[in-house]
Each structure stands twice: as C-alpha cells, then as structure tokens.
Amino acid sequence: MLLKKFFSPDDFIEEYNFIDVEYMNMHNKKVIISDLDNTLISWDSKKNTKKLTKWLNKMRKAGFDIIVVSNNSEQRVKNFCKKLNLEYVADAKKPLISGFKKALRKLNRQPEEAIVLGDQVLTDIFGAKNLGGARSVLVKPISKTDAFKTRINRYFEEKIVSRLKERKQFPIMKIKNKMKKINKEQKY
C-alpha cells in the first residue's frame with residue numbers, strides 16, 4: 001500500500017506534450033511544475049527543441065503557468081530556462097518538497113492547481129506525492145542514458161515499478177494518438 005501511495009504516478013505518459021490544454025482543463029489544473037533533464041530535454045543537451053518551444057508557447061497562450069524544478073545546478077538550469085523565458089528552481093533537492101513549494105510561491109499557486117511532471121519515480125513522483133494535492137505525471141525519459149547519480153536511482157526505481165506492476169498498481173503508459181489529433185484538426 002505504501003509503494004502505491006508514494007511511488008505510483010497518477011498518470012504515465014510517453015512524452016511531455018501529452019499534457020495539453022484538454023488534459024489541463026480535464027484535471028482542473030493551472031500550472032505545470034516540470035523537471036528538466038530527460039523530461040523536457042535530454043540530460044546532456046544544452047539546446048531546446050522547436051517542438052518544446054511550440055508546446056511551451058501553446059500552453060502559455062492558453063493561460064497555463066510553467067516552471068522548471070530541477071536538481072541540477074543553477075548554471076545548467078538558468079542557461080536553459082533563460083532562453084525560453086521560463087521561471088525555475090535549481091538545486092531543488094527533490095524529492096524534498098521545498099523546491100516544489102518555492103516554485104508554487106513564485107507563481108502564487110497552490111498544490112491543488114499543479115501537475116508535477118518528471119521522468120523519475122524516486123524524485124519527481126515521490127516529491128509530488130509528498131507535496132499533497134498536486135497531480136503526479138511520470139514521463140518516459142527522453143534519453144536512454146542518464147548521469148551517474150540518476151543511474152543509481154533508476155536501479156531502485158526499476159525494483160519499485162516492477163513490484164507495483166506485479167500488483168497492478170502502476171498506470172499503463174498513455175501514448176499521444178497522432179491520427180486522432182490530425183483528424184480533429186481537419187474538422188475545424
């Protein structure tokens with residue numbers, strides 16, 4: 001029971017852009033608190049992508065707040081977020097909730113208004129669950145590789161996720177249906 005309560009995300013998605021206007025409205029959320037590395041960009045990348053920029057612009061235009069909360073260094077997070085005009089909290093020490101709370105204070109929001117998006121069960125999901133009220137969304141990591149310290153987390157994470165899957169307490173990954181979206185856009 002404790003594994004499910006603290007480590008099973010509310011949703012598991014293929015990539016960050018599964019979170020769209022419809023998803024946010026369906027869950028009555030106003031803010032996305034997102035991890036950076038292997039969630040929005042590859043952990044070893046210094047550049048944003050056109051796809052990410054397009055998604056950020058679409059979500060902002062729809063009125064949603066987006067903030068990055070990362071355990072990475074101030075310099076890494078600042079350099080990335082500055083280019084995209086994103087608010088951020090670096091050196092967040094996730095899964096401790098202080099970084100999440102700092103992000104919410106910056107945006108004058110409450111946990112109940114937030115989605116916490118990240119690629120790690122032991123940092124992002126556990127932190128979101130401890131924050132209380134936020135919706136926890138696990139995203140499949142962008143890169144198949146990780147920094148050394150993340151590889152250690154992934155080892156333990158695999159054991160937890162396997163146990164949750166055995167008990168049927170872990171959500172099935174949702175994949176964005178591109179054909180459905182194309183057909184929907186053609187109707188308008």
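- The name an unreviewed UniProt entry gives the protein chain is HAD phosphatase, family IIIA, with Gemelliphila asaccharolytica as the organism.

## As for the overall build of the protein chain
Consideration 1: In terms of helices and strands, the protein chain carries 8 helices and 6 strands.
Consideration 2: The order of α-helices and β-strands along the protein chain, N terminus first, is α-β-α-β-α-β-α-β-α-β-α-β-α-α.
Consideration 3: At a minimum sequence separation of 6, the contacts of the protein chain that also span at least 24 residues come to 70%.
Consideration 4: Carbon together with sulfur atoms contributes 54% to the accessible area of the protein chain, which is approximately 10800 Å² in total.

## As for the sheet that holds strand β5 (residues 114-118)
Consideration 1: Read across the open sheet, the 6 strands follow the order β1-β6-β5-β2-β3-β4; overall the sheet is parallel. Of all strands in the sheet, those with a lone pairing partner are β1 (11-13) and β4 (87-89), marking the two edges. Within this sheet the neighbouring strands show an average axis-to-axis angle of 25°, counted without direction.
Consideration 2: The strands touched by helix α4 (residues 74-83) within the sheet are β3 (65-69) and β4, with β4 carrying the most contacts at an inclination of about 170°.
Consideration 3: Packed on one face of the sheet, helix α6 (residues 121-131) meets β5 and β6 (135-139) and runs near 165° to β6.

## Details of the pairing of β6
Consideration 1: The element β6 is largely enclosed, with a buried count of 5 among its 5 residues.
Consideration 2: With burial as the criterion, each face of β6 is covered, one bearing Arg-135, Val-137 and Val-139 and the other bearing Ser-136 and Leu-138.
Consideration 3: In this structure, β1 lies alongside β6, joined through 3 bridges in parallel fashion. Across the sheet, Phe-12 pairs through a bridge with Leu-138, a residue of β6.
Consideration 4: The parallel pair β5 and β6 is bridged by α6, and the resulting crossover is right-handed.

## Some words on the pattern of salt bridges
Consideration 1: Across all of its chains, the model carries 11 salt bridges by this definition.
Consideration 2: The salt bridge involving Arg-76 is made with Asp-37; its shortest N-O contact spans 2.4 Å. Separated by 39 residues along the polypeptide, Arg-76 in helix α4 and Asp-37 in the loop between β2 (31-34) and α3 (50-61) bring together distant segments of the chain.
Consideration 3: A salt bridge links Arg-163 to Glu-166; the shortest N-O distance between them is 4.0 Å. On the criterion of helical spacing, the pair formed by Arg-163 and Glu-166 is a turn pair, its members being 3 residues apart in helix α7 (residues 148-166).

## Let's talk about the nonpolar core
Consideration 1: Ile-19, Ile-32, Leu-52, Trp-55, Met-59, Val-68 and Leu-117 are the most contacted members of the largest nonpolar core, which has 28 residues in total.
Consideration 2: Mapped onto this core, the elements with two or more residues apiece are α2 (21-26), α3, β3, α4, β5 and β6.
Consideration 3: Here this core takes 4 residues from α3, the largest share from any one element.
Consideration 4: If near-sequence neighbours (up to four positions away) are discounted, Ile-19 is found in contact with Ile-13, Met-24, Ile-32, Trp-55, Met-59, Ile-115, Leu-117 and Val-137.
Consideration 5: With 15 residues, the next largest nonpolar core counts Leu-104, Ala-114, Val-116 and Ala-134 among its residues.

## Re α3
Consideration 1: An ideal rise of 1.5 Å per residue puts 16 Å on 12 residues; α3 measures up with 16 Å between its terminal C-alpha atoms.
Consideration 2: Every buried residue of α3 is accounted for by Leu-52, Trp-55, Leu-56 and Met-59. Around the axis of α3, the buried residues are gathered within 100° of arc, so they sit on the same side. Across from the buried face of α3, at angles greater than 90 degrees, the exposed residues are Lys-50, Lys-54 and Lys-61.

Reading the values: rules and limits
- Residues numbered from 1 in each chain as written.
- Predicted model: local features only at pLDDT ≥ 70, side-chain atom pairs only at ≥ 80, totals over all residues.
- Heavy atoms only, no water.
- Helix = DSSP H or I, 4+ residues; strand = E, 2+ residues; numbered from the N terminus.
- Contact = heavy atoms within 4.5 Å.
- Areas by Shrake-Rupley, 256 points an atom, 1.4 Å probe, with all protein chains shown as cover.
- Pairing = 2+ DSSP bridges.
- Axes fitted to C-alpha atoms, helices over the stretch in contact; angles between N-to-C directions.
- Buried < 20%, exposed > 50% of the residue type's maximum accessible area, 1.4 Å probe, protein only.
- Right-handed = clockwise from strand over helix to strand, strands pointing away.
- Salt bridge = Lys/Arg side-chain N within 4 Å of Asp/Glu carboxyl O.
- Core = buried A, V, L, I, M, F, W, Y, C linked by side-chain atoms within 4.5 Å.
- Expected span 1.5 Å × (residues − 1).
- Arc of directions from axis to C-beta.

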